[in-house]
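# Coordinate analysis (summary)
Given next are the chains, with one letter for each unit.
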Amino acid sequence: MQVGKHKVVVTRKSIKHLYLRVKSAHQVEVSAPRHWPENHIRSIVAERSDWITEQQQKLATKPQPQPASFKNGTRIPFEGRSYTVVLTQTTGRRNASLKDACIELKLPQPDDINAAIKLLDSWYRTQLKQRIQQLLQVWQPVMNVAASDFGVRKMKTRWGSCNTRTGKIWLNFDLIKKSPQSLEYVVVHELTHLYERYHNARFYALMDKFLPDWRVRRKRLNHYE
Ligand SMILES: [Zn+2]
């Protein structure tokens, strides 16, 4: 059943109350008493809509561990290239660094996959923020606009977004995995929204002016890098 924006899977059971579980960023599971009318279930789920959204956002930002596929030698993307994970033990601070074709993750317990993924996530985030900062320094004066602030977050369907009211731009966390040209395209795209909110002729004319090859970059970004 669809309740607002939530996809809800309902299981009828011999129980007295309704139980609601947020299983993933996409799905909500509900156990409901057998005799309850569907409307009743619908209204309870609707009442808890904000809470569900909150739980889903928490799930979406959590690193998703893939135990079998994250170990020494695992290939991971960074700036449009593939790097090899090297897990090493340290008694000091956990730390991630780039070495030639490797990304070294130093941890107290290198076999702790969740800790390794968490460290990689925070390193990715720091790297991405630095690159965005550099791009803003280059592009804002060229375009004669300034974002009030920027942030990085995990987004399922978009590479970036711009709040034209506050002037804040958001960039997708996954952009650190894509080439620098792709990241640059998204930054310029979001800054262009500070001139024009909608994807209309004016918007595209501005993009053509600022970044004439933006169509090629968009295609590359959406297809592979
Ligand atoms: Zn846009």
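Please read all numbers here as calculations on a predicted model, not as lab measurements.

### Some points on the sheet that holds strand E7 (residues 95-99)
- Strand order in the open sheet formed by four strands is E5-E6-E8-E7, with mixed pairing between adjacent strands. Bordering the open sheet on either side are strand E5 (75-78) and E7, each of which pairs with just one other strand. Here the average twist between neighbouring strands, direction ignored, is 35°.
- Bridge count for strand E6 (residues 81-89) against strand E8 (residues 102-107) is six bridges, and the pairing is parallel. Note that in E8 the partner of Gln-89 across the bridge is Leu-107.
- Helix H3 (residues 113-143) rests against E5, E6, E7 and E8 of the sheet, and its axis sits at about 125° to E8.

### Focus: the sheet that holds strand E3 (residues 19-22)
- Spatial strand order, E1-E2-E4-E3: four strands in an open sheet with mixed pairing. Whereas interior strands pair on both sides, the edge strands pair on one side only; in this sheet they are strand E1 (2-3) and E3.
- With four bridges joining them, E3 and strand E4 (residues 27-33) adopt antiparallel strand pairing. When the sheet's bridge partners are listed, Arg-21 is paired in E4 with Glu-29.

### Some words on the packing of aromatic side chains
- Applying the stated criterion to the full structure yields nine aromatic pairs.
- Where Phe-78 meets Tyr-83, the ring centres are 5.6 Å apart and the plane angle is 70°; that geometry is what we call edge-to-face. Residue Phe-78 shares its accessibility class with Tyr-83, and that shared class is buried.
- Among the aromatic side chains, those forming a connected cluster through ring pairs are Phe-78, Tyr-83, Trp-123, Tyr-124 and Phe-173.
- The ring of Trp-51 is capped by Arg-48, whose NZ or CZ atom sits 4.4 Å from the centre of that ring.
- Over the ring of Phe-173 we find Lys-154, and its NZ or CZ is 4.6 Å from the ring centre.

### Details of the environment of Asp-100
- With respect to the helices and strands, Asp-100 occurs in the loop between E7 and E8.
- Each C-alpha atom, one on Asp-100 and one on Thr-84, is 9.6 Å from the other, the two residues being 16 residues apart in sequence.

### Description of the packing of H3 against helix H4 (residues 180-192)
- At a closest axis distance of 10 Å, the pairing of H3 and H4 adopts a crossing angle of 50°. Here H4 runs oblique to H3, going by the angle between their axes. Between H3 and H4 lies a crossing whose hand is right-handed. In contact with Leu-128, Arg-131, Ile-132, Leu-135, Leu-136, Trp-139, Gln-140 and Met-143 of H3, H4 contributes Leu-183, Glu-184, Val-187, Val-188, Leu-191 and Thr-192.
- Taken together, the residues of the contact of H3 with H4 break down into ten nonpolar, two polar and two charged.

About the thresholds
- Residues numbered from 1 in each chain as written.
- Predicted model: local features only at pLDDT ≥ 70, side-chain atom pairs only at ≥ 80, totals over all residues.
- Heavy atoms only, no water.
- Pairing = 2+ DSSP bridges.
- Helix = DSSP H or I, 4+ residues; strand = E, 2+ residues; numbered from the N terminus.
- Axes fitted to C-alpha atoms, helices over the stretch in contact; angles between N-to-C directions.
- Contact = heavy atoms within 4.5 Å.
- Phe/Tyr/Trp six-rings, centres within 6.5 Å; stacked < 30°, edge-to-face > 60°.
- Buried < 20%, exposed > 50% of the residue type's maximum accessible area, 1.4 Å probe, protein only.
- Lys NZ or Arg CZ within 6 Å of the ring centre and 35° of its normal.
- Parallel < 35°, antiparallel > 145°, perpendicular 65-115°, else oblique.
- Left-handed = near helix turned anticlockwise from the far one by under 90°.
- Nonpolar A, V, L, I, M, F, W, Y, C, P; charged D, E, K, R; others polar.

By themselves, these figures tell us nothing about what the structure is for.
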